[in-house]
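Observations on chain architecture
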Amino acid sequence: MRHGKKVNHLGRQTAHRKAMLANMACSLIEHKRINTTVAKAKALKQFIEPLITKSKADTTHNRRIVFSKLRQKEAVTELFREVATKIGDRPGGYTRIIKLGNRLGDNADMAMIELVDYNEIYNAGKVEKKTTRRSRRGGSKPAAAPAVDTKASNEEE
């Protein structure tokens with residue numbers, strides 16, 4: 001039984017798995033979307049979402065924590081500058097996994113993992129929400145305006 005075993009080992013030893021996820025995360029930050037297998041995409045999602053959450057608060061401590069996981073200075077810089085400013089108001093769910101079908105060579109399930117705010121196709125149809133809300137009470141009364149116009153037309157006759 002595999003009770004409480006949440007880590008997908010991906011058929012690799014610990015050091016290989018951590019290095020692979022770090023490299024995939026750096027590629028995702030750099031290119032904003034990558035194609036990989038579904039299992040690796042799900043493992044990458046669990047790996048990178050806490051790092052993106054850390055990047056919202058640009059402190060030296062958070063940068064050091066993220067750098068210890070990613071191990072590439074350019075990726076950390078881009079994560080804290082471009083990516084963090086774009087996803088600053090989002091409470092979570094920074095990545096999206098889209099299944100692509102099976103790979104031709106070994107029939108592995110393939111998927112595309114991408115940063116949500118960088119996809120123009122999905123974000124194009126959304127209309128920005130108004131921030132102000134009005135109550136129904138005390139609004140303008142549209143029925144009063146036509147009544148005035150009918151009186152004015154009656155007086156003219």
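Below, the structure is looked at part by part. None of these values were measured; they are calculated from a predicted model. Positions within a chain are numbered from 1, following the residues in the order the chain's sequence is written. Totals for whole chains, interfaces and linings use every residue, but because this is a predicted model, local features are given only for residues with pLDDT of at least 70 and side-chain atom pairs only at 80 or more, for both listing and counting. Hydrogens are left out, water is left out, and the side-chain values use all remaining heavy atoms of the structure.

1. So, the pattern of salt bridges
Here the idea is simple: oppositely charged side chains can pair when their charged atoms come close. Salt bridges are defined as contacts in which a side-chain nitrogen from Lys or Arg sits within 4 Å of a carboxyl oxygen from Asp or Glu. Counted by the stated rule, this structure contains six salt bridges. In this structure, Arg 90 engages Asp 117 in a salt bridge whose closest nitrogen and oxygen atoms are separated by 2.7 Å. Taken as a pair, Arg 90 in the loop between helix H4 (73-86) and strand S2 (95-102) and Asp 117 in the loop between strand S3 (109-115) and helix H5 (120-124) lie far apart in primary sequence, 27 residues in all. Think of it in three bands: residues with accessible area under 20% of the maximum for their type are buried, residues over 50% are exposed, and the middle band is partly exposed, with areas taken using a 1.4 Å probe on protein chains only. The class of Arg 90 is partly exposed, set by a relative accessible area of 24%. Judged by relative accessible area, which is 14%, Asp 117 ranks as buried. For Asp 106, the salt bridge is made with Arg 103, and the minimal N-O distance between the two is 2.9 Å. Numbering of helices and strands runs from the N terminus, with a helix taken as a DSSP run of H or I at least four residues long and a strand as a DSSP run of E at least two residues long.

2. Considerations on the sheet that holds S3
Sheet architecture is open: three strands sit in the order S1-S3-S2, paired in antiparallel fashion. Pairing within the sheet leaves two strands with one partner each, and these edge strands are strand S1 (33-37) and S2. The mean angle between the axes of side-by-side strands here comes to 25°, regardless of whether they run parallel or antiparallel. Relative to S3, S2 runs antiparallel, the two sharing seven bridges. From the neighbouring strand, Ile 98 faces S3, where its bridge partner is Met 112. Set on the sheet, helix H1 (residues 14-31) makes contact with S1, S2 and S3; between it and S1 the angle comes to about 145°. Here, strands pair whenever DSSP counts at least two bridges between them. All axes here are fitted lines through C-alpha atoms, helices being fitted over the stretch that makes contact, and every angle between N-to-C directions spans 0 to 180 degrees. What makes two residues a contact is simply this: any of their non-hydrogen atoms within 4.5 Å.

3. Things to note about unusual backbone geometry
The backbone phi angle of Leu 10 is positive, close to 60°, even though this residue is not glycine. For Leu 10, the location among the structural elements is in the segment before H1. Within the chain, Asn 107 stands out as a residue other than glycine whose phi angle is a positive 65°. Along the chain, the position of Asn 107 falls in the loop between S2 and S3.

4. Quick look at the packing of helix H3 (residues 60-70) against H4
Direction vectors running N to C along H3 and H4 enclose 135°, while the axes themselves pass 9 Å from each other. By the angle between their axes, H3 is oblique relative to H4. The crossing of H3 and H4 is right-handed. Across from Asn 62, Arg 63, Val 66, Phe 67 and Leu 70 in H3, the residues of H4 making contact are Lys 73, Ala 75, Val 76, Thr 77, Leu 79 and Phe 80. The nonpolar class holds Ala, Val, Leu, Ile, Met, Phe, Trp, Tyr, Cys and Pro. Asp, Glu, Lys and Arg form the charged class, and all remaining residues, Gly among them, are polar. Of the residues in the contact of H3 with H4, the class split is seven nonpolar, two polar and two charged. Note on angle classes: values under 35 degrees are labelled roughly parallel, values over 145 roughly antiparallel, values of 65 to 115 roughly perpendicular, and the remainder oblique. When the near helix sits turned anticlockwise from the far one by under a right angle, the crossing is termed left-handed; a clockwise turn instead gives a right-handed crossing.

5. Observations concerning H3
Where H3 is concerned, the buried positions are Asn 62, Val 66 and Leu 70. Taken end-on, H3 shows its buried residues confined to a sector of 60°, consistent with a single buried face. Opposite the buried face of H3, by more than 90 degrees, sit the exposed residues Thr 60, His 61 and Arg 64. If you follow the buried residues of H3, they end up packed against H1, helix H2 (38-55) and H4. Downstream of H3 by one or two residues, Arg 71 has phi in the positive range, about 65°. Arc, as used here, means the arc of the directions from the helix axis to the C-beta atoms.

6. Side note on H1
By this rule, a helix spans an expected 1.5 Å times one less than how many residues it contains. The terminal C-alpha atoms of H1, which comprises 18 residues, lie 26 Å apart, in line with the 26 Å expected from a rise of 1.5 Å per residue. Among all positions of H1, only Arg 17, Met 20, Leu 21, Ala 22, Met 24, Ala 25, Cys 26, Leu 28 and Ile 29 are buried. As for H1, its buried residues are in contact with S1, H2, H3, H4, S2 and S3. At the exit of H1 stands Lys 32, carrying a positive phi of roughly 70°.

By themselves, these observations are geometric and do not establish any function.
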